[in-house]
Amino acid sequence: MDTRIDFYPTHQHQGYKLRPGRPVPFGATLVPGGVNFAICSRYATSCTLVLFEKGASTPLVEIPIPEVFRIGNTWCMVVFDLDYERIEYGYRMEGPWDPRVGHRFDSSKILLDPYAKAIGGRDVWGEPPDWNDPYPHRARLIFEDFDWEDDRPLETPLADLVIYELHARSFTRHSSAEVKHPGTYAGLMAKIPYLKELGVNCVELMPIFEFDEFENSRPNPVTGETMYNYWGYSTVGFFAPKAGYAATGPLGMQVDEFKNLVKELHRNGIEIILDVVFNHTAEGNEQGPTLSFRGIDNQTYYMLTPEGYYFNFSGCGNTLNCNNPIVRMMVLDCLRYWAAEYHIDGFRFDLAAILGRDPWGAPMPNPPLLESLAFDPILAKCKLIAEAWDAGGLYQVGSFPAYGRWAEWNGKYRDDIRRFLKGDEGMIPALAQRLQGSPDLYGWNRRGPTASINFITCHDGFTLYDLFAYNYKHNEANGEQNRDGGDDNHSWNCGAEGETDNSEVHALRQRMIKNALAILLMSHGVPMILMGDEVGRTQRGNNNTYCHDNDLNWFDWSLLERNTGLFHFARQMIAFRKTHPLLRAREHLGISAVQADFIWHGVHAWNADWSPGSRTVAFMLRERQAGQGGNTNPVLYMALNAYWDALPFQLPELPINYRWHLFANTALSSPHDIYEPGHEIPLEPYQDSFLVGGRAVVILVGRP
Amino acid sequence: MIQHSLPASLAALSDIRRLVTQACQTAGLSEDATYRLALAVDEIATNIITHGYEEQGMTGDIVVSLDQTDKDLTVILEDTGVAFDPRAQSLPTAEDLDKPLDDREIGGLGIFLALAGVDRFDYQRSDNVNRNLFVMNLA
Amino acid sequence: MAFSANLEMTGSEARITLEGELDAAVADQFRQTVERAAQEKPQKLVLFMDKLQFMASAGLRVLVFAKQRMGRDVAIYVIGATGPVLNTMQMSGFHQAVYLQESYP
């Protein structure tokens, strides 16, 4: 057989045939007859490839990469005749040890390739590893031969998304899920019909890049249960899906299983956004383990103080040096890899404000990384969402460098809606801004309402049920004397803290949850729902469940039966949003040329009460041409009453021949609280007023 | 002046109404006026019990005071629940206490029914006590 | 006098007889009775109020939300409401949503 001349071996080492490799792509790439390895380091003086047989405790062979194979700062080598499925590889790097200058080379450590596409060592979630393993997280080779058939990213417009934030393990780990492979990508796939029924069209997965659940694991001082790094905001490898989330993890088939999940989600019209954590790594500060980056090129990968210590803008020990050109390249390569090879539809960047800091920590007005991401040709249709703050005090909601592409988690939306719902004074003006897609934050540079990812709850903080069941956090189970977790939750327990027999309190809680869902799904901007809020999932008042592998986090599917009314309400609200383009505006009304208006009312039509004492507001959303010519498009109206007693709202007039119909009324109990979109009932006997219950919202549709 | 102290629970409402009705009969008020006063007091007492105490997870008492002069009959409700001025949707500040009734929006169905039926209504708060005062003129 | 709400189904009519004083303490009892009536899917809801001596806004709210819930197809009749109770309904505009009669049929 003819082989190209550049795939014949030229060197050998201990029986292994080698030749100079290609410097790109980085990582391990299959080539005819062998594997091309490429890795870069600015300050290393030599590099050795270490090969293991899968799972072995000592290396199979260590092959120093010949100097003649080095191109610039990149060592690249082809090794022939490797058994792809049985090989694990790593690197030893020699270089200076001078922490004050930022060098922490240690050739006694075997290092993980930052570009590893599959990582072994945590193949089964929670299975204690060999703590003496010299190479605990091991890079493996993969075939990239998955048959996508016709699949490609869905490119659903951001304005049309209803996002569902979920944790891959929590979603199906509980026995009530009754799936064949609990807590896995396969389990998630089995629940796609549920997601379709709910009506969400996008899932945002909490981190699925390989991480170590045993990082900082310790026994709970009270219960003795093991507390894990459960959420996963601590990356070990940016190019590998977590094996422990795969039913086929023990077989090393997590790549295919995850791709299959993406394909199946797409087939059902559901996009997938990945939560990515580029702000820090699992290596911690100088006291953390040396797994990868620290030993490869510490000064390049981490933001360091002038004395050589680790800047900690992430709150987790180290900060990835994202605006260093090498790291920037890695981040871009990573995202391009997931977009191209896994057909991922978008990314949500944890603590994204860090991505805008320079190598010395100072915020930059024009951060190269964010600019590159915004203009990258492969990522051009991906959603880019920023959690626009960090743990170092940089809060950029509304001012995150956007380049016309980025959306943000709108923390102000969360806070303002919570405060309005619980009856705080003076919230009406802020509420009006949030309902309109926050033009105060995103109107000034025409970013539009889709810059605002609206959410009331997310994994950080209370669940929606707990938001109305607890005045205070109860994180004792985390073993830190309830000192961890945020205190400014803007929550209200409706009259009793936690579990209660009081049926009035229960009824009020259900009403408040429905109010929250109604407001979220009626707002301009992009709504995001937390996993389980649609069935009243509780964490028993724990607002920081980052370390629990138990029912504090696991989705209890029996809630679907107990809270069927709530699920029904959420489902119809989502369907309503998808039915009405008026709710999914691409531009801010009032400051764009769009021929539609947000009109404000209060208990008196045409007259909203913006005063500090007001707890009511209403709005009408209509096209200017509604009811004229042949336009019979509907007019929408929503009344919001955070006052504790019922108030009559005077209704505005409609175009001729239009009549008001009732879609939702949270003052009534399920199933009379909401109708199917298109099957709303006409208001009888009169059309000019409606009594809205205390702490309730009403949604009307005007149509001929 | 007669004073009664009752625990603030919904079961107390009928007792409160009875006290008011008896005082109205002694004062010679018409049936219609009696009903209006009893309704007003019932509505505000309901607010105090559900909103002032229960929804906040608190318990407490309501003190009902009844006083008759030759000109009018006065009923006063006092409670230590959360601050609440029935005449406004807001929690009153010190400045608010002096504003006349007409300058504020009347909120809530129950409040509206209450205030519409009596000849005079006043609210004050001092030392953590809410004080609701109802006056019916005697013919 | 103690409150009671008695439900009787007569063909496609739900008839509820109210007695005593309807305040916030017993409003839920009334609401549950209305719920039971609604589950029978009546075409008419007839409320006999001649023995109702007192009605607070809590009771009115049950009526209003019953009307909101049952919609246009169910006619609500209020029979024999006395002056003050009628007055309460008129002040809130609820009287426009029901048929007011002194006696029934």
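Scroll up to find the structure this text is about.
Reading the values: rules and limits
Residues numbered from 1 in each chain as written. Chains lettered and ligands numbered in written order. Predicted model: local features only at pLDDT ≥ 70, side-chain atom pairs only at ≥ 80, totals over all residues. Heavy atoms only, no water. Salt bridge = Lys/Arg side-chain N within 4 Å of Asp/Glu carboxyl O. Helix = DSSP H or I, 4+ residues; strand = E, 2+ residues; numbered from the N terminus. Buried < 20%, exposed > 50% of the residue type's maximum accessible area, 1.4 Å probe, protein only. Contact = heavy atoms within 4.5 Å. Phe/Tyr/Trp six-rings, centres within 6.5 Å; stacked < 30°, edge-to-face > 60°. Lys NZ or Arg CZ within 6 Å of the ring centre and 35° of its normal.

Draft legend 1. Summary view of the pattern of salt bridges. All names here are of chain A. Tallied over the entire structure, the rule returns 51 salt bridges over all chains. E271 is paired through a salt bridge with K383; the nearest N and O atoms lie 3.1 Å apart. With E271 in strand β20 (residues 271-276) and K383 in strand β22 (residues 383-386), the pair connects residues that are 112 residues apart, well separated along the chain. A salt bridge links R703 to E680, with the nearest nitrogen and oxygen atoms 2.6 Å apart. Taken as a pair, R703 in strand β33 (residues 696-703) and E680 in the loop between β30 (659-665) and β31 (681-682) lie far apart in primary sequence, 23 residues in all. The class of E680 is buried, set by a relative accessible area of 6%. Residues participating in the shared-partner salt-bridge network are E88, D123, D133, R138 and R140.

Draft legend 2. Seen up close, the environment of A585(A). Residues and elements named next belong to chain A. Relative to the elements of secondary structure, A585 occurs in the loop between α14 (564-579) and β26 (596-601). Overall, A585 belongs to the buried group, its relative accessible area being 13%. In sequence terms A585 and A596 are 11 residues apart; their C-alpha atoms lie 9.4 Å from each other. Excluding its chain neighbours within four sequence positions, the residues that come into contact with A585 are A159, P449, T450 and H524.

Draft legend 3. Main features of the packing of aromatic side chains. On inspection of all chains with the given rule, the structure shows 57 aromatic pairs over all chains. Ring centres of Y164(A) and F171(A) lie 6.2 Å apart, and the angle between their planes is 75°; on these two criteria the pair is classed as edge-to-face. Residues Y337(A) and Y342(A) carry aromatic rings whose centres are separated by 5.8 Å and whose planes lie at 75° to one another, so their mutual orientation is edge-to-face. Across this residue pair, the class does not change: Y337(A) and Y342(A) are buried. The ring of F211(A) is capped by K242(A), whose NZ or CZ atom sits 4.5 Å from the centre of that ring. Above the ring of F54(C), the side-chain terminus of R17(B) is found at 4.6 Å from the ring centroid.

Draft legend 4. Structural view of the environment of D73(C). All names here are of chain C. Among the secondary structure elements, D73 is positioned in the loop between α2 (57-70) and β4 (75-79). Looking at D73, the relative accessible area reads 66%, which means it is exposed. Separated by 29 residues in the primary sequence, D73 and K44 have C-alpha atoms spaced 8.5 Å apart.

Worth remembering: the numbers are spatial, not functional.
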